Amino acid sequence: MPPTVVIAGRPNVGKSTLFNRLAGRRVAIVNDTPGVTRDSKEAEAMLRGRLVRLVDTAGLEEATPESLAGRMRAGATVAVKEADLVLFVIDARAGLTPVDRHFAQWLRRQDKPVMLVANKCEGRMATSSILDAYELGLGDPVGVSAEHGDGIADLMSEIAGALPADATVDEGDEGSDRPLKLAIVGRPNAGKSTLLNRLLGEEKMLVGPEPGLTRDAIASVFADETGRKIEIVDTAGLRRPARIEADLEKMSVGAAIGALKMAEVVILAVDATEGLNDQDLRIAQLIEREGRACVLVLNKWDAVEDRNATRKAISDRLETSLTQMKGIPVVTLSALTGAGVDRLLPVVRRAHEIWNKRVTTGELNRWFEHALERHPPPLVEGRRLKLRYVTQAKARPPTFLAFGTRAERIPEDYSRYLVNSLRETFDLPGTPIRLQLRGTRNPFVEEGGRRG
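Below or above, wherever it landed, is the structure these notes cover. (Residues numbered from 1 in each chain as written. Predicted model: local features only at pLDDT ≥ 70, side-chain atom pairs only at ≥ 80, totals over all residues. Heavy atoms only, no water.)

1. With respect to the overall build of the protein chain
For the protein chain, the count of helices and strands is 12 helices and 17 strands. Within the protein chain, the fraction of its 452 residues that count as buried is 53%. Across the protein chain, contacts joining residues at least 24 apart in sequence account for 70% of those joining residues at least 6 apart. Carbon and sulfur atoms make up 49% of the accessible area of the protein chain, which amounts to about 20600 Å² in all. (Helix = DSSP H or I, 4+ residues; strand = E, 2+ residues; numbered from the N terminus. Buried < 20%, exposed > 50% of the residue type's maximum accessible area, 1.4 Å probe, protein only. Contact = heavy atoms within 4.5 Å. Areas by Shrake-Rupley, 256 points an atom, 1.4 Å probe, with all protein chains shown as cover.)

2. Examining the nonpolar core
L182, L195, I232 and L344 are the most contacted members of the largest nonpolar core, which has 26 residues in total. Among the elements that make up this core, the one with the highest residue count is helix α10 (residues 344–355) (5 residues). (Core = buried A, V, L, I, M, F, W, Y, C linked by side-chain atoms within 4.5 Å.)

3. Brief notes about the packing of aromatic side chains
Summed over all chains, the structure comprises 5 aromatic pairs. Aromatic side chains F103 and W106 sit 6.3 Å apart centroid to centroid with 85° between the ring planes, which places their arrangement in the edge-to-face category. You can see F103 and its partner W106 sitting in helix α3 (residues 98–108), 3 residues apart, about one turn around the helix. Like W106, F103 is buried. When the centroid spacing of 6.3 Å and the interplanar angle of 65° are considered together, the rings of W367 and F426 count as edge-to-face. Of this pair, W367 sits in helix α11 (residues 361–374) while F426 sits in the loop between α12 (412–425) and β17 (434–438), and the two are 59 residues apart along the sequence. The burial state of W367 is the same as that of F426; both residues are buried. Each member of the aromatic cluster is reached from another via a ring pair, and the members are W367, F368 and F426. (Phe/Tyr/Trp six-rings, centres within 6.5 Å; stacked < 30°, edge-to-face > 60°.)

4. Remarks on the sheet that holds strand β5 (residues 114–119)
Taken in spatial order, the 6 strands make up an open sheet running β2-β3-β1-β4-β5-β6, and their pairing is mixed. What marks the edges here is a single partner per strand, and that holds for β2 (41–47) and β6 (142–143). Note: strand β1 (residues 4–8) against strand β4 (residues 85–91), 4 bridges, orientation parallel. When the bridges of β4 are listed, A8 appears paired with F88. Each of β1, β2, β3 (50–56), β4, β5 and β6 is contacted by helix α5 (residues 152–162), which is oriented at about 175° to β5, the strand it contacts most. (Pairing = 2+ DSSP bridges. Axes fitted to C-alpha atoms, helices over the stretch in contact; angles between N-to-C directions.)

Given below as structure tokens:
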């Protein structure tokens with residue numbers, strides 16, 4: 001029997017929406033009205049190569065046993081006791097409530113692995129609102145938006161990694177052999193489908209000189225030269241929003257962006273004969289915003305007349321316009337002839353390794369001490385900000401939390417200095433790096449950090 005993953009939390013935090021998103025289909029009814037789910041619902045789902053039994057539960061509420069809410073809670077309690085992993089969902093938009101705190105304490109007493117999921121973290125909200133969740137003492141929160149699909153790929157990976165080691169996948173595919181999720185994106189006619197065909201060694205995708213031949217996001221699985229499985233997705237070309245008119249094209253672009261969000265590493269294919277233009281940079285910024293590892297492919301390199309000038313122009317453009325992904329790996333190749341394609345997958349594997357990198361707290365704080373000595377925090381309103389310690393909250397992408405007196409008021413240029421120093425010291429070229437700054441309250445001190 002596959003391992004059981006139970007979704008629990010108070011009413012109306014988005015448990016059923018998350019259940020449907022993880023299941024990959026609409027199983028549970030979703031509505032803004034609290035308490036729509038009254039009975040536990042089940043579905044099997046494949047999460048990063050692991051077959052799991054998902055269970056959606058009624059909202060956890062404090063109520064008398066004989067009431068409807070009390071009976072619903074009893075059913076949720078039974079489900080939790082049978083769980084191999086509990087996803088405790090909170091509403092990041094609404095903030096922590098007394099009910100969240102009460103049931104977090106209850107879950108800690110159940111002797112079950114618990115993963116804290118901060119839902120409704122749309123867009124930039126994810127960078128600040130999930131920090132309060134550390135107060136619950138349930139470990140690193142995973143920020144998602146179940147409604148929009150943001151963060152779901154990371155959550156699937158976290159779930160798969162938290163399951164027991166002997167939980168095998170369907171058809172005998174071991175969880176440790178999960179495919180690397182790779183997407184190819186870029187403007188129309190950059191040679192994305194030709195590159196996918198070259199990597200697969202077969203003419204799977206229709207190609208031609210006409211831009212826009214690919215309309216859907218098409219996935220294929222193959223093994224690279226090391227035997228590593230890779231699930232690769234070719235996508236429709238991403239145009240500027242003002243040029244996206246037809247409904248079908250809007251759907252194609254939506255599928256491409258969805259594939260990007262589900263990927264771990266993204267290949268940004270650029271037509272080297274045209275250079276790096278504004279739309280290429282916008283796509284790169286989207287990849288960074290979604291927190292994905294990125295490899296820049298300069299395709300049609302065989303057709304470039306002045307390669308030195310082209311390479312310098314692209315390097316200069318990256319240096320000035322994509323500083324948040326400093327050191328992004330660049331591969332020059334010709335998908336049509338195959339020249340240089342053999343260099344691509346080793347670079348992809350390296351980018352994936354960096355994206356997954358973790359640094360110990362000891363190493364981080366030694367770096368932090370030297371970084372602060374080399375360039376002390378600035379004065380704000382005549383007072384110096386004091387930064388005390390730093391820890392890594394998660395990988396995929398590397399995300400760090402720094403704590404100190406009024407740390408949240410650190411100017412952007414000093415934060416950028418710390419990020420660049422992190423990147424250089426711990427060899428994190430090209431990957432997105434998240435650095436969150438937090439005031440003096442220590443979120444790891446359970447009782448002292450509680451708010452009334």
